[in-house]
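Summary of structural features
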Amino acid sequence: RTRKWELNLAGEPTMVLPSPPGYSTRIPEDEDRSRTKTAADSLIRQKKAMEVAWGQLKSFAPTALMLWLAGSTVNIFSILITIMAMWSPVKALLNVNSAFARFEDKQVTLLGAKALYLLFCLIALGGGLWKCHSLGLLPTHPSDWVAFLEHKQPVQISGGGVALV
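Residues numbered from 1 in each chain as written. Predicted model: local features only at pLDDT ≥ 70, side-chain atom pairs only at ≥ 80, totals over all residues. Heavy atoms only, no water.

**Concerning the overall build of the chain**
Heads up, the rule is: For the purposes of this entry, the term helix denotes a DSSP run of H or I that reaches at least four residues, the term strand denotes a run of E that reaches at least two, and both are numbered from the N terminus. Only protein chains enter the accessibility calculation, which uses a 1.4 Å probe. A residue is then buried if its area is under 20% of the maximum for its type, exposed if over 50%, and partly exposed in between. Here, residues are in contact when the closest pair of their heavy atoms is within 4.5 Å.
Scanning the chain for helices and strands turns up 4 helices and 0 strands. The order of helices and strands in the chain, counted from the N terminus, is α-α-α-α. Within the chain, the fraction of its 165 residues that count as buried is 20%. For the chain, long-range pairs separated by at least 24 residues make up 71% of all intrachain contacts whose partners lie at least 6 apart in sequence.

See below:
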């Protein structure tokens, strides 16, 4: 005798259940599936490219904190942090196409993501240049250029009453 809650997997099914809501036995055509798949893929590629672009700005936040913590005195620590803060965006600017190579597709336009990437790299580079300026490493004062001024030739020479000529 079988009980109401007992399940017999060895025998034939005795009860046919109706299909759940939303279930269809129709197999979708390959063309519909490929069209929606490529549209979804291109949308995902676009979103991932924007994430790479925003990653440049997100990676500048710890760098900005380190620039602030390095202080305003010139020492090896502050100089190394400043060099790192300037080298990272320069390296990223030189590798823009390789950063977005995995997202290249005929249907995906990466111009906006690349423009944001470049903008955020320039912002990070500006942060490094600001730190160089605050440390006094950039020649922005007139006294920094004194060595390049021409020496004025005196018009007259006096020697205390004795002719020097």
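**Thoughts on the side chain of Thr63**
Tracing the backbone through its elements, the reader meets Thr63 in helix H1 (residues 30–69). Taking the relative accessible area as the measure of exposure, Thr63 reaches 13% and is therefore buried.

**With respect to the pattern of salt bridges**
As a reminder of what qualifies: Throughout this description, the term salt bridge denotes a Lys or Arg side-chain nitrogen within 4 Å of a carboxyl oxygen of Asp or Glu.
Summed over all chains, the structure comprises 2 salt bridges. The residue Glu51 makes a salt bridge to Lys48 at a minimum N-O spacing of 3.7 Å. Placement of both Glu51 and Lys48 in helix H1 is noted, with a separation of 3 residues, approximately one turn of the helix. A salt bridge links Lys114 to Glu104, with the shortest nitrogen-to-oxygen separation between them at 3.7 Å. You can see Lys114 sitting in helix H4 (residues 111–135) and its partner Glu104 sitting in the loop between helix H3 (96–99) and H4, a full 10 residues away along the chain. Residue Glu104 is classed as partly exposed on the basis of its relative accessible area, which comes to 45%.

**Points about the environment of Lys48**
When its relative accessible area of 41% is taken as the criterion, Lys48 is described as partly exposed. Between the C-alpha atom of Lys48 and that of Arg102, which follows or precedes it by 54 residues, the distance is 9.8 Å.

**Considerations on the packing of aromatic side chains**
Each pair of aromatic rings is reported with the distance of its centres and the angle of its planes. Applicable threshold: Each Phe, Tyr or Trp ring, with Trp reduced to its six-membered ring, pairs with another whose centre is within 6.5 Å; inter-plane angles below 30 degrees give stacked pairs, above 60 give edge-to-face pairs, and intermediate values give tilted ones.
In the structure shown here, the tally under the stated rule is 4 aromatic pairs. Site record: aromatic cluster; members linked through ring pairs are Phe100, Phe103 and Tyr117.

**Re the packing of helix H2 (residues 76–94) against H4**
Applied cut-off: All axes here are fitted lines through C-alpha atoms, helices being fitted over the stretch that makes contact, and every angle between N-to-C directions spans 0 to 180 degrees. For this classification, under 35 degrees means roughly parallel, over 145 means roughly antiparallel, 65 to 115 means roughly perpendicular, and everything else is oblique. Note: crossing handedness is left-handed where the near helix turns anticlockwise from the far helix by less than a right angle, and right-handed where it turns clockwise.
Interhelical geometry of H2 versus H4 gives an angle of 160° and a closest axis separation of 9 Å. The orientation of H2 relative to H4 falls into the category roughly antiparallel. In terms of crossing hand, the pair formed by H2 and H4 is left-handed. Counting all contacts with H2, which are made through Ser78, Thr82, Ala85, Met86, Pro89, Val90, Ala92 and Leu93, the residues of H4 involved are Tyr117, Leu118, Cys121, Leu122, Ala124, Leu125, Gly128, Leu129, Lys131, Cys132 and Leu135.

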